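Structure assessment
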Amino acid sequence: MARRKTDDREHGAAGAGPAARAELSIADAAGQTRGVALVLHGGRSDSFEAVQARHLSPARMLPFAQSLRNQGGPHGLAVWTLRNRYRGWNGPEMSPVQDARWALAQISSEHPGVPIFLLGHSMGGLTALCVADHPQVEAVVALAPWLNGATPVEPLAGRRVLIVHGSEDRWTSPKNSLAYARRAEGIAASVDYVSLTGAGHFMFRRVRLWNSLANGFVLDAFASTAGAELPGTDTLRQVLPAAATLPVVL
């Protein structure tokens with residue numbers, strides 16, 4: 001049974017105001033926690049509406065979290081799923097970045113020094129890339145992220161990175177994602193970029209491949225730090241060879 005942590009910070013933003021609280025759903029690892037996956041959902045450009053569990057953006061990430069829990073939990077991987085305060089990025093406030101940093105502080109408090117692996121979709125992908133500079137983060141997966149030429153690559157220094165984007169995405173830009181991946185080469189420890197032919201933004205088409213790539217990458221990164229063999233990593237390397245050139249088109 002997952003346990004929950006509710007945001008206890010005081011917020012000064014307008015809109016939903018102090019009634020809107022971020023929430024973490026935590027699936028603890030079996031036995032000793034040897035790594036933590038933090039799952040981040042998407043949203044809108046501007047909105048101070050409070051996020052609800054029934055909204056599609058957080059619901060879309062639940063299968064990823066469940067799969068990571070099933071495959072990694074018995075080996076020591078805890079899975080923390082964040083529900084943001086607000087639905088929007090909200091310009092300079094970068095609301096989800098604040099929430100993700102709060103979540104990372106909670107993980108660090110419970111599991112100091114334990115490696116963290118970030119997985120985010122859309123706005124959550126951008127958020128994951130922005131907060132990758134947390135000292136415990138070792139790998140990042142960004143699915144169809146919101147990126148542009150101003151998105152910084154410096155937070156990725158020394159991290160393993162996977163970006164996956166559908167070729168038919170009309171909400172966020174595959175071209176920008178590939179350009180970002182190329183800028184990150186030589187800064188990140190490794191960068192993989194996968195273009196999913198015919199897939200769109202919301203991961204309805206080729207859903208198995210979205211899941212295999214995202215969860216396989218997290219599990220592979222976790223296995224390398226935990227010194228364990230995990231299910232899912234073999235499948236990853238069948239579709240994403242080590243040291244593949246950018247882009248990989250599937």
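Overview of the structure. (Residues numbered from 1 in each chain as written. Predicted model: local features only at pLDDT ≥ 70, side-chain atom pairs only at ≥ 80, totals over all residues. Heavy atoms only, no water.)

This paragraph deals with the overall build of the protein. Counting its regular elements, the protein contains seven helices and nine strands. Long-range pairs, those at least 24 residues apart, make up 70% of the contacts in the protein between residues at least 6 apart in sequence. When the accessible surface of the protein is totalled, it reaches about 10400 Å², and 53% of it is carbon and sulfur. The distance from the centre of the 24 positive side-chain charges to the centre of the 20 negative ones in the protein is 5 Å. (Helix = DSSP H or I, 4+ residues; strand = E, 2+ residues; numbered from the N terminus. Contact = heavy atoms within 4.5 Å. Areas by Shrake-Rupley, 256 points an atom, 1.4 Å probe, with all protein chains shown as cover. Lys, Arg positive; Asp, Glu negative; His and termini not counted. Charge placed at Lys NZ, Arg CZ, Asp CG, Glu CD.)

Along helix H5 (residues 174-184), the positions that sit buried rather than exposed are Ser177, Leu178, Tyr180, Ala181 and Ala184. Along H5, the residues classed as buried sweep out an arc of 160° about the axis, all on the same side. Buried-residue contacts for H5 involve helix H4 (123-130), strand S7 (160-166) and strand S8 (190-196). Measuring from the side-chain oxygen of the N-cap residue of H5 to the backbone nitrogen of Lys175 gives 3.3 Å; that N-cap residue is Ser173. (Buried < 20%, exposed > 50% of the residue type's maximum accessible area, 1.4 Å probe, protein only. Arc of directions from axis to C-beta. Polar contact = N/O pair within 3.5 Å; in protein donor to acceptor, adjacent residues only side chain to side chain.)

A few words on helix H3 (residues 95-110). Since the α-helix turns once every 3.6 residues, residues separated by three or four places project in the same direction. Relative to the 22 Å expected for 16 residues at 1.5 Å per residue, H3 spans 23 Å between its end C-alpha atoms, a close match to the ideal helical length. Within H3, burial applies to Ser95, Pro96, Val97, Asp99, Ala100, Trp102, Ala103, Leu104, Gln106, Ile107 and Ser108. (Expected span 1.5 Å × (residues − 1).)

Our focus in this paragraph is the nonpolar core. The biggest cluster of nonpolar side chains holds 43 residues, and the ones touching the most others in it are Leu24, Leu38, Trp80, Leu82, Leu118, Leu129 and Leu156. Here the element with the most residues in this core is H3; it accounts for six residues. Residues within four places of Leu118 in sequence aside, it is in contact with Leu38, Leu104, Ala128, Val131, Ala132, Val137, Ala139, Val140 and Val141. Counting 37 residues, the second largest nonpolar core, distinct from the first, contains Ala27, Leu143, Leu196 and Ala223. (Core = buried A, V, L, I, M, F, W, Y, C linked by side-chain atoms within 4.5 Å.)

Turning our eyes to something else, we now look at unusual backbone geometry. In this structure, the amide linkage connecting Leu246 to the following residue, Pro247, adopts the cis form with an omega of -10°. Inspection of the secondary structure puts Pro247 in the loop between helix H7 (233-239) and strand S9 (248-249). Here the phi dihedral of Asn90 falls at roughly 70°; this positive angle occurs in a residue that is not glycine. By the secondary structure assignment, Asn90 is in the loop between strand S4 (77-83) and H3. If you check the backbone angles, Met203 has positive phi at about 65° while not being a glycine. Inspection of the secondary structure puts Met203 in the loop between S8 and helix H6 (207-226).

A word on the sheet that holds strand S1 (residues 3-6). Spatial strand order, S1-S2-S4-S3-S5-S6-S7-S8-S9: nine strands in an open sheet with mixed pairing. Bordering the open sheet on either side are S1 and S9, each of which pairs with just one other strand. The sheet strands contacting H4 are strand S3 (35-40), strand S5 (116-121), strand S6 (137-143) and S7, and the helix crosses S5 at an angle near 150°. (Pairing = 2+ DSSP bridges. Axes fitted to C-alpha atoms, helices over the stretch in contact; angles between N-to-C directions.)

Counting across every chain of the model gives 11 salt bridges. Two residues, Glu110 and Arg3, come together in a salt bridge whose shortest N-O distance is 2.6 Å. Residue Glu110 is located in helix H3, and its partner Arg3 is located in strand S1; the two are separated by 107 residues in the primary sequence. Measuring nitrogen to oxygen at the nearest pair gives 3.8 Å for the salt bridge that ties Arg44 to Glu49. Assessed through its relative accessible area of 40%, Arg44 is described here as partly exposed. One salt-bridge network, held together by shared partners, links Arg3, Lys5, Asp28 and Glu110. (Salt bridge = Lys/Arg side-chain N within 4 Å of Asp/Glu carboxyl O.)

This structure, assessed with the given rule, holds four aromatic pairs. Here Trp171 and Phe202 contribute two aromatic rings whose centre-to-centre distance is 5.2 Å and whose plane-to-plane angle is 70°, an arrangement assigned as edge-to-face. Taken together, the residues Trp171 in the loop between S7 and H5 and Phe202 in the loop between S8 and H6 connect sequence positions 31 residues apart. Overall, the relative accessible area of 66% leaves Trp171 in the exposed class. Looking at Phe202, the relative accessible area reads 27%, which means it is partly exposed. Pairwise contacts between aromatic rings join Trp171, Phe202 and Phe204 into one cluster. Positioned above the aromatic ring of Phe217 is the side chain of Arg160, whose terminal nitrogen or guanidinium carbon lies 4.9 Å from the ring centre. (Phe/Tyr/Trp six-rings, centres within 6.5 Å; stacked < 30°, edge-to-face > 60°. Lys NZ or Arg CZ within 6 Å of the ring centre and 35° of its normal.)

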